[in-house]
Amino acid sequence: VQLQASGGGLVQAGGSLSLHCAASGGTFSGSTVGWFRQPPGKEREFVAALRFRGDYTYYADSVKGRFAITRDNAKNTVYLQMNSLKPEDSAVYSCAACRSCILSSLRDGRQYPYWGQGTLVTVSS
């Protein structure tokens, strides 16, 4: 399966952006889809994940209450709605998918074999 991330851009602090992760060559059915980000000069970090089985969602503490991960099965797309953006949210955001993620390790990017290219989010102060 190929993943295509889009929706990044430049936004002022307090603004919103919606990132899209579209799958082709397969579906997200039964998968876990995660969003990760890598700020400039820093390590990649977990942002959010959605388990299609049961529709469970998981968030990093830093984004809880501000970001929401959702899906559209008909469009085979997962979204990351980002509200109340802060300058520290600036990063390259990537989506990833796995079919057999271990629940306790959803936040570990090494579990995800399928990755889309990143999309840059810049939040100005």
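Residues numbered from 1 in each chain as written. Predicted model: local features only at pLDDT ≥ 70, side-chain atom pairs only at ≥ 80, totals over all residues. Heavy atoms only, no water.

### What about the packing of aromatic side chains?
Here is step 1 of the chain: With the rule as written, the count across this model stands at five aromatic pairs.
Here is step 2 of the chain: Seen in terms of ring centroids, phenylalanine 36 and tryptophan 115 are 5.2 Å apart; in terms of plane orientation they differ by 45°. Their pairing is tilted. Here phenylalanine 36 is found in strand 4 (residues 32-38), whereas its partner tryptophan 115 is found in strand 10 (residues 114-115), with 79 residues between them in sequence.
Here is step 3 of the chain: The interplanar angle of 65° and the centroid separation of 6.4 Å between the aromatic rings of tyrosine 112 and tryptophan 115 together place this pair among those described as edge-to-face. (Phe/Tyr/Trp six-rings, centres within 6.5 Å; stacked < 30°, edge-to-face > 60°. Helix = DSSP H or I, 4+ residues; strand = E, 2+ residues; numbered from the N terminus.)

### Brief notes about the state of the cysteines
Here is step 1 of the chain: The tally for this structure, following the rule as stated, stands at two disulfides.
Here is step 2 of the chain: Cysteine 21 shares a disulfide with cysteine 95; S-S distance 2.1 Å. An S-S torsion of about 75° defines the bridge between cysteine 21 and cysteine 95 as right-handed. Here cysteine 95 lies in strand 9 (residues 91-98) and cysteine 21 lies in strand 3 (residues 17-24), a separation of 74 residues in the sequence. Of the two residues, cysteine 21 and cysteine 95, neither departs from the other in class, the shared state being buried.
Here is step 3 of the chain: Across the disulfide, cysteine 98 is cross-linked to cysteine 101 (sulfur-sulfur distance 1.5 Å). Measuring handedness by torsion sign, the sulfur bridge of cysteine 98 and cysteine 101 sits at about -115° and is left-handed.
Here is step 4 of the chain: The connectivity of the disulfides in the protein is 1-2, 3-4, where the numbers refer to bonded cysteines in sequence order. (Disulfide = S-S within 2.5 Å. Buried < 20%, exposed > 50% of the residue type's maximum accessible area, 1.4 Å probe, protein only.)

Any link to function would need more than the numbers given here.
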